[in-house]
Amino acid sequence: MISFVFRIITLFLLLSSMTFGFIYLFLGSPDEDWSFLWEQDVENFPILAIILIALSIISFIISIWISAVAKSREVSATRYVKQLVEPDFSLKKKRNISYTLKKALTQANELIETQRTSLQRLSNEKAEANDKIIQERIIAERQRLARELHDSVSQQLFAASMLLSSITERDEDFGASKTTLTQVEKIVQQAQLEMRALLLHLRPIALRNNTLAQGLTELIQELQQKVYFNIVYQIEEIVLSKAEEDHLFRIAQEALSNTLRHAKATEVELLLIARDNVGILRIQDNGQGFNMEEDKNTSYGLKNIAERAVEIGCTYKIVSVPGEGTIVEVKVPIKHKEQIEGTEKSSSKMELTEDDGNQ
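Cut-offs used in this document
- Residues numbered from 1 in each chain as written.
- Predicted model: local features only at pLDDT ≥ 70, side-chain atom pairs only at ≥ 80, totals over all residues.
- Heavy atoms only, no water.
- Helix = DSSP H or I, 4+ residues; strand = E, 2+ residues; numbered from the N terminus.
- Buried < 20%, exposed > 50% of the residue type's maximum accessible area, 1.4 Å probe, protein only.
- Contact = heavy atoms within 4.5 Å.
- Areas by Shrake-Rupley, 256 points an atom, 1.4 Å probe, with all protein chains shown as cover.
- Salt bridge = Lys/Arg side-chain N within 4 Å of Asp/Glu carboxyl O.
- Axes fitted to C-alpha atoms, helices over the stretch in contact; angles between N-to-C directions.
- Parallel < 35°, antiparallel > 145°, perpendicular 65-115°, else oblique.
- Left-handed = near helix turned anticlockwise from the far one by under 90°.
- Nonpolar A, V, L, I, M, F, W, Y, C, P; charged D, E, K, R; others polar.
- Patch = residues over 30% accessible without salt bridge, like charges linked within 9 Å, V, L, I, M, F, W, Y side chains within 5 Å.
- Pairing = 2+ DSSP bridges.

Undergrad: Can you help me understand the overall build of the chain in this one?
TA: Within the chain, the regular secondary structure consists of 9 helices and 7 strands. Residues counted as buried form 30% of the 359 residues belonging to the chain. A sequence separation of at least 24 residues applies to 68% of the contacts in the chain between residues at least 6 apart. Counting every atom, the chain has about 23600 Å² of accessible surface; 57% of that belongs to carbon and sulfur.

Undergrad: Looking at this structure, how should I read the pattern of salt bridges?
TA: Side chains that differ in charge, positive against negative, can pair when their charged atoms come close. This model, assessed by the stated rule, comprises 5 salt bridges. Residues participating in the shared-partner salt-bridge network are Arg-282, Lys-317, Glu-329 and Lys-331.

Undergrad: Explanation requested: the packing of helix H6 (residues 212-224) against helix H7 (residues 242-263) in the structure shown.
TA: For any two helices packed against each other, one specifies the inter-axial angle together with the distance between the axes. At a minimum axis separation of 10 Å, H6 and H7 run at an interaxial angle of 20 degrees. Here H6 lies roughly parallel to H7, going by the angle between them. The chirality of how H6 crosses H7 is right-handed. Touching Leu-212, Gly-215, Leu-216, Leu-219 and Leu-223 of H6 are Glu-245, Leu-248, Phe-249, Ala-252, Gln-253, Leu-256 and Leu-260, all from H7. Counted by class, the contact of H6 with H7 contains 9 nonpolar, 2 polar and 1 charged residues.

Undergrad: Even after reading the chapter, I still don't get a nonpolar patch on the surface, so can you show me in this structure?
TA: Taken together, the side chains of Val-42, Phe-45, Ile-50, Ile-53, Ile-57, Phe-60, Ile-61 and Ile-64 define a hydrophobic patch exposed on the protein surface, amounting to about 690 Å² of accessible area. Of note, Ile-53 is situated in helix H3 (residues 47-83). Of the residues examined, Ile-53 reaches a relative accessible area of 43% and is grouped as partly exposed.

Undergrad: Explanation requested: the environment of Glu-324 in the structure shown.
TA: With respect to the helices and strands, the residue Glu-324 is situated in the loop between strand E6 (315-321) and strand E7 (325-333). Assessed through its relative accessible area of 57%, Glu-324 is described here as exposed. Taking the C-alpha atoms as reference, Glu-324 lies 6.0 Å from Gln-288; in sequence the two are 36 residues apart. When sequence neighbours within four positions are dropped, the list of residues in contact with Glu-324 reads Asp-285, Asn-286, Gly-287 and Gln-288.

Undergrad: Help me understand the sheet that holds E6 in this model?
TA: Whether parallel or antiparallel, the strands of a sheet pair through hydrogen bonds between backbone atoms. Here 5 strands make up an open sheet; going across it, the order is E3-E4-E5-E7-E6 and the pairing mixed. Two strands close off the open sheet at either side, each with one partner strand: strand E3 (230-235) and E6. Across the sheet, the mean angle from the axis of one strand to that of its neighbour is 5 degrees, orientation sign disregarded. Pairing between strand E5 (residues 278-285) and E7: 8 bridges, direction antiparallel. Following the sheet pairing, Val-278 is matched in E7 by Pro-333. Contacts from H6 reach E3, strand E4 (267-275) and E5, with the element oriented near 165 degrees to E3. Here H7 sits on the sheet and contacts E4, E5 and E7; the angle it forms with E5, its principal contact strand, is near 10 degrees.

Undergrad: Please explain unusual backbone geometry as it appears in this structure.
TA: Positive phi, close to 55 degrees, is recorded for Asp-276, a residue that is not glycine. Along the polypeptide, Asp-276 turns up in the loop between E4 and E5. Using a relative accessible area of 75% as the deciding quantity, one classes Asp-276 as exposed. Positive phi values are uncommon outside glycine, yet Asn-277 reaches one of about 60 degrees. In this fold, Asn-277 is placed in the loop between E4 and E5. In this structure Asn-277 comes out as exposed when scored by relative accessible area, which is 57%.

Okay, structure coming up:
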């Protein structure tokens, strides 16, 4: 309000000076020729008073116009400033703003976009670092639990099983207790199988620097020393992507774990072979099998196998017949080495592009 009044007074003084300058230009120095300004009346108002009133009205109108224009520009600038934070902000279609304001808004928008990109990148890097730390801690904890279970519970179960076996194999007649001891021995042996299946799950998920063939070979050689049934295997080196190798390794772990816990098999066959540009992973046992529609004991494990196979674009087949055994088979198309490298490079480029554009 004060600025509005000050503007009116300033305009009034400016217009008054201009008016009397024109009068001085035409009438010369103030003398008797100027007397008509206050001596002559128009509608009972001296000419001088009319001029002053007219100048006041003009000053008032001009002040209102200047205030309206300033307010309009302020509202427009405020609207543009608020739009600066929007990702799709653009000044190409804005024609009613000055070049100076457009340049300043463009620079401010570029600065905001740069800061937004930096913050997103930092947030994503922090989240990835936290996920990596969590995964490392999970793996370390799984390894610790596996070592402790193997060194304590698993060893104790093995010792109890050996003692029970030695007792039941003696020729002494224990009467009714012999049946009980035999049942206890079976329970302990089943507990051993459950423990070995659990230890199998607690193994590190990643193959690290090993190929799928190397990882499966080490896994089978380790299991052969701990299980009662015979494991027959045929493993060939197949060129697969890292994701395919990791998922197939976990599928094999899951299938072998189910065999340990539920199958009561005497023989397991594992194949990893390549035929007609198709990699085939097959785990087959001669165990008790199950009805896939009714038996839910292994439904969780089978679901994991199916999800992992679908995730890497494989076809899978799970067949089980009660009393005959179970077959888990996964087929994955084999790409040439150049295709795999090209796919991995393109995926890396896509990740870099997404990091540059979204972070």
